[in-house]
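Inside the fold
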Amino acid sequence: MLPQVIEFRIDRRSGVSTYLQIVQQVEQALRLGLLKPGDRLPTARAVVEAIAVNPNTVTKAYRELEHAGLAEGRRGVGTFITGSLGSEAGGRETPLRGELAEWMDRALGEGLGLEDIDALYQDVRRDRQA
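Residues numbered from 1 in each chain as written. Predicted model: local features only at pLDDT ≥ 70, side-chain atom pairs only at ≥ 80, totals over all residues. Heavy atoms only, no water.

As a further point, take the packing of helix H2 (residues 44-51) against helix H3 (residues 55-67). Packing of H2 against H3 brings their axes to within 9 Å, and their N-to-C directions diverge by 125°. Taken as axis vectors, H2 and H3 run oblique relative to one another. As for how H2 packs across H3, the hand of that crossing is right-handed. Contact residues: H2 offers Ala-44, Val-47 and Val-48, while H3 offers Pro-55, Val-58 and Tyr-62. Class assignment for the residues of the contact of H2 with H3 results in 6 nonpolar, no polar and no charged. (Axes fitted to C-alpha atoms, helices over the stretch in contact; angles between N-to-C directions. Helix = DSSP H or I, 4+ residues; strand = E, 2+ residues; numbered from the N terminus. Parallel < 35°, antiparallel > 145°, perpendicular 65-115°, else oblique. Left-handed = near helix turned anticlockwise from the far one by under 90°. Contact = heavy atoms within 4.5 Å. Nonpolar A, V, L, I, M, F, W, Y, C, P; charged D, E, K, R; others polar.)

Here it is as structure tokens:
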């Protein structure tokens, strides 16, 4: 049996469709370097059993990843990552991530909640996009 490289978590209250949450989680894992080309995604059956969703939902998510050039389904074998979204600067073991983790710890230590931190990040991000 192959090791599980990703475990999906679905937030049913988010308002985001389940298939899209699966796609977004794969994309996030690619950006962080947690998934790499050649890695196998869990079978639709395994995902259905783990998060109690309709098999068609998983199929739709995997098809979306295929259309984006990020995955490839191989009949009888599984679905494999074929593309990448990450950069060296955005990986899990980079100095930039460590600095962000330290900043997050400081913000939490100063009493900011996660929603406050998200709002602050979004505000700074908007300023940088202008």
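Glancing now at H3. The end-to-end C-alpha distance of H3, which contains 13 residues, comes to 18 Å, matching closely the 18 Å that a straight helix rising 1.5 Å per residue would cover. Along H3, the residues classified as buried are Thr-57, Val-58, Ala-61, Tyr-62 and Leu-65. In an axial view of H3, the angular spread of the buried residues amounts to 130°, which keeps them on one side of the axis. Exposed residues lying more than 90 degrees from the buried face of H3 are Asn-56 and His-67. Residues of H3 that are buried in the fold lie against helix H1 (18-31), H2, strand E1 (71-74) and strand E2 (78-81). The N-terminus of H3 is capped by Asn-54, whose side-chain oxygen sits 2.7 Å from the backbone nitrogen of Asn-56. (Expected span 1.5 Å × (residues − 1). Buried < 20%, exposed > 50% of the residue type's maximum accessible area, 1.4 Å probe, protein only. Arc of directions from axis to C-beta. Polar contact = N/O pair within 3.5 Å; in protein donor to acceptor, adjacent residues only side chain to side chain.)

Judged by nonpolar contacts, the single largest core of 20 residues is most densely connected at Ile-22, Val-26 and Tyr-62. Not counting the four nearest positions on each side in its chain, Tyr-62 is found in contact with Phe-8, Ile-22, Leu-41, Pro-42, Val-47 and Thr-79. (Core = buried A, V, L, I, M, F, W, Y, C linked by side-chain atoms within 4.5 Å.)

Working definition: an aromatic ring pair is given by the centre-to-centre distance plus the angle between the planes. As enumerated under the stated definition, the model contains 0 aromatic pairs in all. Lying across the ring of Tyr-19, Lys-60 places its NZ or CZ 4.2 Å from the centre. Just above the ring of Phe-80 sits the side chain of Arg-74; from NZ or CZ to the centre is 4.3 Å. (Phe/Tyr/Trp six-rings, centres within 6.5 Å; stacked < 30°, edge-to-face > 60°. Lys NZ or Arg CZ within 6 Å of the ring centre and 35° of its normal.)

Time to look at the pairing of E1. Relative to E2, E1 runs antiparallel, the two sharing 4 bridges. Residue pairing across strands places Gly-73 opposite Thr-79, the latter belonging to E2. Remark: 3 residues form the turn of the hairpin made by E1 and E2, two consecutive strands paired antiparallel; Gly-76 in that turn has positive phi of roughly 80°. (Pairing = 2+ DSSP bridges.)

A cluster of nonpolar side chains, contributed by Leu-112, Leu-120 and Val-124, occupies part of the molecular surface with about 200 Å² of accessible area. With respect to the secondary-structure elements, Leu-112 resides in the loop between helix H4 (95-109) and helix H5 (114-129). Judged by its relative accessible area of 32%, Leu-112 is partly exposed. (Patch = residues over 30% accessible without salt bridge, like charges linked within 9 Å, V, L, I, M, F, W, Y side chains within 5 Å. Areas by Shrake-Rupley, 256 points an atom, 1.4 Å probe, with all protein chains shown as cover. Salt bridge = Lys/Arg side-chain N within 4 Å of Asp/Glu carboxyl O.)

Below, the discussion takes up the pattern of salt bridges. As enumerated under the stated definition, the model contains 3 salt bridges in all. Glu-7 is paired through a salt bridge with Arg-9; the nearest N and O atoms lie 3.3 Å apart. Of the two residues, Glu-7 and Arg-9, neither departs from the other in class, the shared state being exposed. Residues Arg-106 and Glu-110 are paired through a salt bridge, measuring 3.5 Å at the closest nitrogen-oxygen approach. With respect to class, Arg-106 is no different from Glu-110; both count as exposed.

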